[in-house]
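Architecture and fold: a report
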Amino acid sequence: MASRMLAAKFLQPTSAPAMLLRAASTGAMNPHLAEKLEKVGNRDIVGFGWNGEPVYYDRPDFPMPAVRFKENTPDVLALRTKEKEDWKKLSVQEKKALYRASFCQTFAEMKYPTGEWKMHVGNTLIVVGLAIFVSLWMATFIYDAEPETFDEAHRKAQLKRMLTLEVNPIHGVSSQWDYENKKWKK
């Protein structure tokens, strides 16, 4: 019962200046809270929010922001007093104006694809293209020619020398050579 009363008390819409005065009068004014409440301006704080701070952010996974989207203007305040009466008396335009005063986007607008992925794919392709270009340019102009020991004749001579010296006879190349028959083991 007490928790319901506290929730009802703290979740009712309050303007930022009234909350500032209440916090200052109790002596519990946090400098970070005061800074955040200054950013809220003349907008109503209507709930806890998705992170517990008085900020507005459109999120489909948490559809109830802590503050209303638009500041309180005379038009919005007139609509808010009118909404407390019978909703059948409100026109469709007035209902839409009330919704847009509290929220910036509808769920359909939040979930609509923005096309931002195209920019990311484009930037990735540009970076990959530049990397390929730089590697080809370095292979052409920076790197020296391969040493002569990389050609086939030198590699065969090196292998023959390794077999003659019996290099690594247990697990290496020499373990695969049959010294009695002078051919590779099968």
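Just above, that's the structure.
Tallying secondary structure elements over the protein chain gives eight helices and four strands in all. When the elements of the protein chain are put in sequence order from the N terminus, they spell out α-β-α-α-β-α-α-α-α-α-β-β. The 186 residues of the protein chain split such that 18% are buried. Across the protein chain, every contact between residues at least 6 apart in sequence was considered, and the portion connecting residues at least 24 apart equals 40%. Surface summary for the protein chain: the accessible area is close to 14800 Å², and the carbon and sulfur share equals 63%.

A separate point is the nonpolar core. A general feature of soluble globular proteins is that nonpolar side chains tend to end up buried together. Membership of the largest hydrophobic core is limited to five residues, which are Leu37, Val40, Ile45, Tyr56 and Val67. Discounting residues that sit within four places of it in the chain, Val67 has contacts with Val40, Arg43, Asp44, Ile45, Val46, Pro54, Val55 and Tyr56.

Let us now look at the packing of aromatic side chains. Enumeration over the complete set of coordinates arrives at five aromatic pairs. An angle of 45 degrees between the planes, with centres 6.3 Å apart, marks the rings of Trp50 and Tyr57 as tilted. Relative to Phe103, the ring of Tyr99 lies with its centre 5.0 Å away and its plane at 35 degrees, an arrangement referred to as tilted. For Tyr99, a relative accessible area of 31% translates into the label partly exposed. Lying over the aromatic face of Trp50, Arg59 brings its terminal NZ or CZ to 4.1 Å of the ring centre.

Looking at where Trp87 falls in the secondary structure, it is placed in the loop between helix 4 (74-83) and helix 5 (92-102). When its relative accessible area of 43% is taken as the criterion, Trp87 is described as partly exposed. A polar contact is formed between the side chain of Trp87 and the backbone oxygen of Glu83, at a distance of 2.9 Å.

A separate point is unusual backbone geometry. Of note in the backbone geometry, Glu166 takes a positive phi value of approximately 50 degrees without being a glycine. Mapped onto the elements, Glu166 comes out in the loop between helix 8 (152-164) and strand 3 (177-178). For Asn168, which is not glycine, the phi torsion reads 50 degrees and is therefore positive. Counting through the fold element by element, Asn168 comes out in the loop between helix 8 and strand 3.

This next bit is on the pattern of salt bridges. Where charged atoms from two side chains of opposite charge come close, those side chains can pair. Scanning all chains against the criterion turns up six salt bridges. Two residues, Asp44 and Arg80, come together in a salt bridge whose shortest N-O distance is 3.4 Å. With Asp44 in strand 2 (residues 44-45) and Arg80 in helix 4, this residue pair connects regions lying 36 residues apart in the sequence. An identical accessibility class is assigned to Asp44 and Arg80; each is buried. For Glu152, the salt bridge goes to Arg155, with nearest N and O atoms at 3.8 Å. Of this pair, Glu152 and Arg155 both sit in helix 8, three residues apart, which is roughly one turn of the helix.

Conventions and cut-offs
Residues numbered from 1 in each chain as written. Predicted model: local features only at pLDDT ≥ 70, side-chain atom pairs only at ≥ 80, totals over all residues. Heavy atoms only, no water. Helix = DSSP H or I, 4+ residues; strand = E, 2+ residues; numbered from the N terminus. Buried < 20%, exposed > 50% of the residue type's maximum accessible area, 1.4 Å probe, protein only. Contact = heavy atoms within 4.5 Å. Areas by Shrake-Rupley, 256 points an atom, 1.4 Å probe, with all protein chains shown as cover. Core = buried A, V, L, I, M, F, W, Y, C linked by side-chain atoms within 4.5 Å. Phe/Tyr/Trp six-rings, centres within 6.5 Å; stacked < 30°, edge-to-face > 60°. Lys NZ or Arg CZ within 6 Å of the ring centre and 35° of its normal. Polar contact = N/O pair within 3.5 Å; in protein donor to acceptor, adjacent residues only side chain to side chain. Salt bridge = Lys/Arg side-chain N within 4 Å of Asp/Glu carboxyl O.

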